[in-house]
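Chains, contacts and geometry: an overview
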Amino acid sequence: MDIYKSLKEEAYEANIEIPHRNLAIYTWGNVSAFDPEKSVFAIKPSGVDYDKLKPDSMVIVDLDGKVVAGSLNPSSDTETHRVLYREFFQAGADIRGITHTHSPYATAWAQARRPVPVFGTTHADYGAETIPCTEYISKDVTKNNYEEETGNLIVDTFKKQNKNPQYMPMVLVAGHGPFTWGRQSAAQAVYHAAVLEEICKIAHFTLALNPHAAPLPDHIIRIHWERKHGPDATYGQR
Ligand SMILES: [Zn+2]
């Protein structure tokens, strides 16, 4: 019996959502699914087209970076995923899946090195605060493991900006692109990648129409965030 069967299936399903949601062309994106009990994650193999993927092609990696199951090489971004699971999970954030894409609007904001202000309620529904953007990765650390250092850069950005990955599931890496995650599943990480792309697109149009557009007043941000996430949330069916 394959003890990683359901984790591989979860990662597979989430990975094939990437082309379905138009979040990446070719192999420009990857998703992983984390099992906190086994302390391993399943991730897309490197350079394999989405239409060639199978649940069994997913690679299982532990939090020390060792491949524990799978015959293919894991995604080149595996080390970034690993650092985020290790650091965020150890810091007490529930994190079950991570997505990385080069979706155009989110990547454009990352290339412009602009954090995304809360311009409207679409954004406020998913995060009551600005979506952070890192600094460029420094020359010093790129001598080390670049992908691992990209993970460290994200973790440091959250620490410096006092952001909680539990409540802000998105980040832009300067000059590179977006990483998103989900508290519930790998599918939720992809969902957040699609939401981020849409938020970045709308923010871009907002600034095109009014380069001086101001962020949404705080009382409206609070209403939208709390009706979806607060203790008295009214959103959805219950
Ligand atoms: Zn990338």
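This write-up is about the structure you can find in this document. Every residue gets a number counted from 1 within its own chain, in the order that chain's sequence is written. Residue-level local features of this predicted model are given only where pLDDT is at least 70; pairs of side-chain atoms are given and counted only at 80 or more, and the full residue set underlies all totals for whole chains, interfaces and linings. To get the side-chain values, all heavy atoms of the structure are used, and hydrogens and water are removed first.

1. Quick look at the coordination of the zinc ion
For Na, K and Ca the donor cut-off is 3.2 Å; for every other metal, N, O and S atoms count as donors within 2.8 Å. Water does not enter the count, which can leave sites looking incomplete. H100 (NE2), H102 (NE2) and H176 (NE2) make up the full set of protein donors to the zinc ion, lying at 2.1 Å. Every donor residue of the zinc ion comes from the same chain, spaced as H-x1-H-x73-H. Of this pair, H100 sits in strand β5 (residues 97-101) while H176 is found in the loop between β6 (170-173) and β7 (177-182), placing the two residues 76 residues apart along the sequence. Only protein chains enter the accessibility calculation, which uses a 1.4 Å probe; a residue whose area is less than 20% of its type maximum is buried, one above 50% is exposed, and one in between is partly exposed. Classification of H100 by relative accessible area gives buried; the value is 1%. Every helix listed is a DSSP run of H or I at least four residues long, and every strand listed is a run of E at least two residues long, numbered separately from the N terminus.

2. Let's talk about the pairing of strand β1 (residues 29-35)
It is a general feature of regular strands that their side chains alternate between the two faces of the sheet. Most of β1 is tucked away: 7 of the 7 residues are buried. Pairing of β1 with β5 involves 5 bridges; the strand directions are antiparallel. Pairing of S32 across the sheet is with I98, part of β5. Inspection of the sheet shows β1 paired to strand β2 (residues 40-43) by 4 bridges, in the antiparallel sense. Strand pairing is assigned whenever DSSP identifies at least 2 bridges connecting the two strands.

3. Focus on helix α6 (residues 146-160)
Here the expected length of a helix is defined as 1.5 Å per residue gap, with one fewer gap than residues. For α6, with 15 residues, the first-to-last C-alpha span of 20 Å sits near the 21 Å given by 1.5 Å per residue. Residues of α6 that are buried: E149, T150, G151, L153, I154, V155, T157 and F158. At its buried positions, α6 is contacted by α2 (78-90), α5 (139-142), β6 and β7. Polar contact is defined as a pair of N or O atoms within 3.5 Å, subject to the rule that within protein one atom must be able to donate a hydrogen and the other to accept it, and that residues adjacent in sequence are counted only when both atoms are side-chain atoms. Between a side-chain oxygen at the N-terminus of α6 and the backbone nitrogen of E147 the separation is 3.1 Å; the capping residue is N145. Working rule for contacts: check all heavy atoms of both residues, and any pair within 4.5 Å makes them a contact.

4. Here's the deal with a nonpolar patch on the surface
Together, I25, Y26 and W28 make up an exposed nonpolar region whose accessible area comes to about 380 Å². Relative to the assigned elements, W28 resides in the loop between α1 (5-20) and β1. Surface patches are defined over residues having more than 30% relative accessible area and no salt bridge, joining like charges when they lie within 9 Å and nonpolar side chains (Val, Leu, Ile, Met, Phe, Trp, Tyr) when within 5 Å. In these tables, accessible area is a Shrake-Rupley quantity obtained with a 1.4 Å probe, and a residue counts as shielded only by the protein chains included in the view. The salt bridge criterion pairs a side-chain nitrogen of Lys or Arg with a carboxyl oxygen of Asp or Glu, the two atoms within 4 Å.

5. A few points about unusual backbone geometry
If you check the backbone angles, N22 has positive phi at about 55° while not being a glycine. Locating N22 in the fold gives a position in the loop between α1 and β1. Although it is not a glycine, N162 sits at a positive phi angle of roughly 55°. Position of N162 relative to the elements: it lies in the loop between α6 and β6.

6. Structural notes on the pattern of salt bridges
A full pass over the atoms with the stated rule returns 11 salt bridges. A salt bridge links E9 to K5, with the shortest nitrogen-to-oxygen separation between them at 3.3 Å. Of this pair, E9 and K5 both sit in helix α1, 4 residues apart, roughly one helical turn. According to the relative accessible area criterion, E9 is partly exposed, its value standing at 32%. In this structure, the salt-bridge partner of K143 is D140, at a minimum N-O distance of 3.8 Å. Judged by its relative accessible area of 67%, K143 is exposed.

7. Overview of the environment of Y12
Tracing the backbone shows Y12 in helix α1. Assessed through its relative accessible area of 17%, Y12 is described here as buried. Separated by 44 residues in sequence, Y12 and D56 place their C-alpha atoms 8.4 Å apart. Discounting residues that sit within four places of it in the chain, Y12 has contacts with L53, K54, P55 and M58.

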